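Working through the structure, step by step
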Amino acid sequence: MPCLHSEALEFMESDSATTGASPGAGTEKSYLRETVTDPPVVRDMGWFFSPLWSPRSKTRSRFGGGGKGDQVEAWLDDHSDFTRAYFLRRASAVSGPQEESPMPRFPRSSSDHSDLLRKAHHRRTSSPPTSSYLNLSSLMDRLKPLASNLRAPEWMERSSPDILGSHSPCSPCSPRSSRCSFFSNRPLSPVWPCCPDLPHSPHPLCPTTTNTAACGNGECCPWMLELLRGGLSSMGSVAELCQGAVLHAGELLSADCCSLSLVKKDCGGRNTLEELIAPTALGCLSEGNLCSHAHLELVKSIMGCVMATGSPVNLRDASEDPRFDFDDDQSKIRTVLSVPIKAHRGEVVGVMIMINKRDGCDGSVSVFTNMDEKVLSNHMDVLGMVLDNVQLYESSRQEAKRSQALIEMAKVLSMEHRSFEILLSKMAATIMPFTRAQYCTIFIPSQQTSVVEDQVSFSRVIHLECEELGSTCQIYRRHRDISDVDQSSALRTLVAMKTLNMSKSSEESIKSLICCPVRNERSENVIAVCQLMNKKSRDSDEMEAFNRYDERLLEDLSVYCGLALQYAQAVQITEERRASIEVTQEVLAYHITAAESEIQALQEATIPSVESLNILDFHFSDFGLPEDLTTQATIRMFLDLNLVQDFNIDYKSLCQWVLTVRRGYRNSVPYHNWNHALSTAQSMFAMLKATDELQTIFSRLEILALMIATLNHDLDHRGVSNSYIERSQQPLAQLYGHSSLENHHYNLCLFILNNTGSQILSGLSAEDHRTVLHMIKRAILATDLTVYMERRTEFFSLAKKSRVNWKNEKQKDLLRSMLMTASDLSAITKPWPEQKRIAKLVTMEFFAQGDKEKKEFKIKPIDIMNREKSTRLPYMQVEYIDDICYPLYKAVSRLFNTCSPLLKGCKKNRENWMHLTEKADEEDCENSSCVALETHKNNEEKMQTEE
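Residues numbered from 1 in each chain as written. Predicted model: local features only at pLDDT ≥ 70, side-chain atom pairs only at ≥ 80, totals over all residues. Heavy atoms only, no water.

1. Considerations on the layout of surface pockets
In this structure, the second largest pocket spans a volume of roughly 1300 Å³. Lining the second largest pocket are 49 residues, with Leu 785, Phe 846, Ile 864, Met 865 and Tyr 880 sitting closest to its centre. Contributions of two or more residues to the lining of the second largest pocket are made by helix H27 (722-727), helix H29 (740-754), helix H31 (785-799), helix H33 (832-857) and helix H34 (873-895). If one sorts the elements of the lining of the second largest pocket by residue count, H33 sits on top with 10 residues. Considered class by class, the residues forming the lining of the second largest pocket number 23 nonpolar, 15 polar and 11 charged. (1 Å grid on protein atoms, 1.4 Å probe; cavity = no way out; pocket = protein on both sides within 12 Å on 5 of 7 lines; lining within 4 Å. Points joined across faces, edges and corners; volume = space filled by probe spheres on them. Helix = DSSP H or I, 4+ residues; strand = E, 2+ residues; numbered from the N terminus. Nonpolar A, V, L, I, M, F, W, Y, C, P; charged D, E, K, R; others polar.)

Printed below as a string of structure tokens:
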């Protein structure tokens, strides 16, 4: 709501300051400060009907400045009766003796102003009818005491030109000036018009003959009172509301003719005027004369100017204004007053025009005065606020309806449907009741549709019809052939790729139509067209045009239809890929599964003992071992650990599983192949057999998981590291994200375990099956050195304790992980000849990856993978032992003394690599090598000291 005039507030503050000795004045000022923080409560709207009040005023308050001053003004606006009584007391204090007693301080509660409200109401209802008219002359006489406290120049600057009777060409009230400028020049009187209790001053401020009423009934303007009391519900539709405003304002200003148009945005987003109230004759001018083409064009031109500028136009002689083309055919129009209708943010929402004001005495045409302009502007301000509220209400109602429709369509989309057409039908049926459309058709174009209109075509349609059954409606899906449906509008929409809204049609059966394209969000191609036809009126059987809200609902439907189409396509692609994966798995299972003859040979073979195979020895080497003995050694480990007997493993399934796992490794990879898998499994087997404590700590299910994990931990290894796979953006990296190789090893292990004939876990219960698979996965992922480096600190701390509680599942999982790494790295503990052979194989694999990195990524690989750094292999092996291997075997040996051969073998190989380092240093002692050699010697001395 608008604030009180800033000059009035300034005067009230300065007046309080001049009477600062009075306790009452101080009390009033303090009261205002304390109550500005309270939320304002509208108590009276009497000041609202003043002809000089403008809700668009941008005048800043001088009441303390800033936001606080605005709050004070807002509070005074919302408590107009209190403000009126205050100015009464101030006027009495200036013109008469002041009371000695201080003014009582009003409570903060707004409910305690009821006495003031009752008194104000009593004054309004008990006063004679003539007092409701605003007599500016008598009112200014009453304001003399107030004005006498201001300096003369300041008062003259703030006086209204209408009251002073001066009309300067450059004054704010000039016809070409903005209506907003009137507010800065208005007097104090409009704050509280028609108050009969104001004291009369014997010295009038300025003589004036102006005796025009602000409105026909002043505060009691019936149109405004009815509007504010009952709102739109009492005024009927928007057209009826505007009709009442036109008739009331026309009668008030004695105009011959009135018209009102509202602003509407066209398809291009430009503002245009749409005539709501046609030119209505109120006086001597006949409606037929005004409705001529020439008159209407002039009226439209004037109203368009007002809409474009947002300022009133007051033509005292229409024929002399150079802005408009005037000819003899328009001689009936002589004086014109047109004002904009603005919303609360200042945007123009309509234009009101008055033509030919008639003099009340002789009926001659007279000019519209500045007061007429203000009166009409204030009425249009009220109308603008009401229209704005109507628009907000309608928008909120439509948004609520739209939200409900969106929720319903989302529910339909989330459900499973037998076919895509049923899904689209249900979604289309969702919005039909909201738009009140009689028909809804979804056109699906052909696959090879061209963008040329005469070449496009539709393959099929989904057609729905709505039938009203009393207060409800029933929606049916009708089978319609594509040739039986009019495709012209849908084809235009398909080609233009824009929404088409037609309020009329040449065909009698179609009264209104709207089409919207359905786009594929990825390709932006139109994949369907949604069409609504025949919108029924809410109150009758007549058809009406689809509005912008209907367009938005149809566009929402098109979005959901697009999602449904993409969902259907995604489901189809998923099903096709699933079938493709199943075929691929069948092919893989066929080629990875060992031949029946191999399975039978292993099944019938006599499995050698652990002693003859030497698999209990930590220094076991598979070098030179025949391939059939490697599989027999694996079978022997399962037999010796009693896993076949404890878990009821079918012997033939075990033989097929072992042979299939062996085929799962790539023979082209130098190091990470089947021999490495066998060596890892043998190291785990040796630790379990040598350490009774381990067999006590681990359950039988855990031992089974560890043995399966060691054999499968590098299945289908490609001879490259995880970093290379991620950098080259291979599918494995996209599939898993981290520990790509290890996740792939586990999934292939799971595939073999589920392969027909290799299901060695079929004898387990469902719970044990889930448990063992979880442990296998954890064990395989633990072989990623990144995981080892993250968890080893915790394990090393555990190894330093004198006693460990291995019943804790978290500690057991940590122990299983560390034993997996110890088995995986056990090549570093083998006898020196075996260690040298394995180091050579590892170097071949690493150098091959380094060559790929140079070629593909144009980067220099790290030293261990750089072929140019091959001479530094001994140094790198010593670093590898010091940083990775030795701390692990030291911790394992501390926990389990029977595993100490692993630590001894690691130390022995370190000494051998150190010897090669010293030998290379003697031949070519480079600075970097000498420094590295010295570091390794220091590490050796440190290890000896710790022992």
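Let us keep going from here.
2. Observations concerning the pattern of salt bridges
Inspection of every chain in the model, using the stated rule, returns 39 salt bridges. Here Arg 402 ties to Asp 556 by a salt bridge, and the two come within 2.5 Å at their closest N and O atoms. On the criterion of sequence distance, the pair formed by Arg 402 in helix H15 (residues 370-414) and Asp 556 in helix H18 (residues 548-592) is long-range, its members being 154 residues apart. Given the relative accessible area of 10%, Asp 556 is considered buried. (Salt bridge = Lys/Arg side-chain N within 4 Å of Asp/Glu carboxyl O. Buried < 20%, exposed > 50% of the residue type's maximum accessible area, 1.4 Å probe, protein only.)

3. Focus on the nonpolar core
Proteins that are soluble and globular tend to have nonpolar side chains buried together. By size, the foremost hydrophobic cluster in this structure holds 98 residues, and its most contacted members are Phe 638, Trp 657, Met 707, Ile 776 and Phe 795. Considering every element that reaches this core, the biggest residue donor is H34, with 10 residues. Trp 657 has contacts with Phe 638, Ile 708, Leu 711, Asn 712, Ile 752, Leu 753, Ser 758 and Ile 760, leaving out every residue within four places of it along the chain. (Core = buried A, V, L, I, M, F, W, Y, C linked by side-chain atoms within 4.5 Å. Contact = heavy atoms within 4.5 Å.)

4. Topic: the packing of H15 against helix H16 (residues 420-435)
Contact geometry for H15 and H16: axes closest at 9 Å, N-to-C directions at 165°. The orientation of H15 with respect to H16, classified from their angle, is roughly antiparallel. Here H15 and H16 pass one another in a crossing that is right-handed. Side by side, H15 and H16 meet where Lys 401, Gln 404, Ala 405, Glu 408, Met 409, Val 412 and Leu 413 of the first sit next to Leu 423, Lys 426, Met 427, Thr 430, Ile 431 and Phe 434 of the second. (Axes fitted to C-alpha atoms, helices over the stretch in contact; angles between N-to-C directions. Parallel < 35°, antiparallel > 145°, perpendicular 65-115°, else oblique. Left-handed = near helix turned anticlockwise from the far one by under 90°.)

5. Brief notes about the environment of Val 526
With respect to the secondary-structure elements, Val 526 resides in strand S12 (residues 526-536). For Val 526 and Val 495, which are 31 residues apart along the polypeptide, the C-alpha to C-alpha distance reads 8.8 Å. Excluding residues that lie within four positions of it along the chain, Val 526 makes contacts with Pro 445, Leu 494, Met 497, Pro 517, Val 518 and Arg 519.

6. A look at the packing of aromatic side chains
Counted by the stated rule, this structure contains seven aromatic pairs. Taken together, a centroid distance of 6.4 Å and an interplanar angle of 55° make the contact between Phe 795 and Phe 796 tilted. Phe 795 gets classed as buried once you look at its relative accessible area, which sits at 0%. (Phe/Tyr/Trp six-rings, centres within 6.5 Å; stacked < 30°, edge-to-face > 60°.)

7. Some remarks on the UniProt feature "active site" (unreviewed entry) in the protein chain
As recorded in UniProt, the sites labelled "active site" (unreviewed entry) are His 672. With a relative accessible area of 15%, His 672 lands in the buried category. Filtering out sequence-adjacent residues up to four positions away, His 672 remains in contact with Tyr 665, Asp 714, His 717 and Glu 845. At 2.5 Å, the side chain of His 672 and the side chain of Glu 845 are in polar contact. (UniProt positions renumbered as here; feature names shortened; annotations may be inferred. Polar contact = N/O pair within 3.5 Å; in protein donor to acceptor, adjacent residues only side chain to side chain.)

8. Focus: the packing of H16 against H18
Contact pair H16 / H18: the axes reach a minimum separation of 10 Å and the direction vectors enclose 170°. The orientation of H16 with respect to H18, classified from their angle, is roughly antiparallel. Taken as a pair, H16 and H18 cross one another with a handedness that is right-handed. Contacts between H16 and H18 involve Phe 420, Leu 423, Leu 424, Met 427, Ala 428, Ile 431, Phe 434 and Thr 435 on the former and, on the latter, Asp 550, Leu 553, Leu 554, Leu 557, Tyr 560, Cys 561, Ala 564, Leu 565 and Ala 568. Across the contact of H16 with H18, the residue classes tally to 15 nonpolar, one polar and one charged.

9. Points about the environment of Glu 834
Turning to its location among the elements, Glu 834 is positioned in helix H33. Glu 834 sits 211 residues away from Phe 623 along the chain, and the two C-alpha atoms are 7.9 Å apart. In contact with Glu 834, not counting residues within four places along its chain, are Ser 621, Asp 622 and Phe 623. Of note is the side chain of Glu 834, whose polar atom sits 2.8 Å from the side chain of Ser 621.

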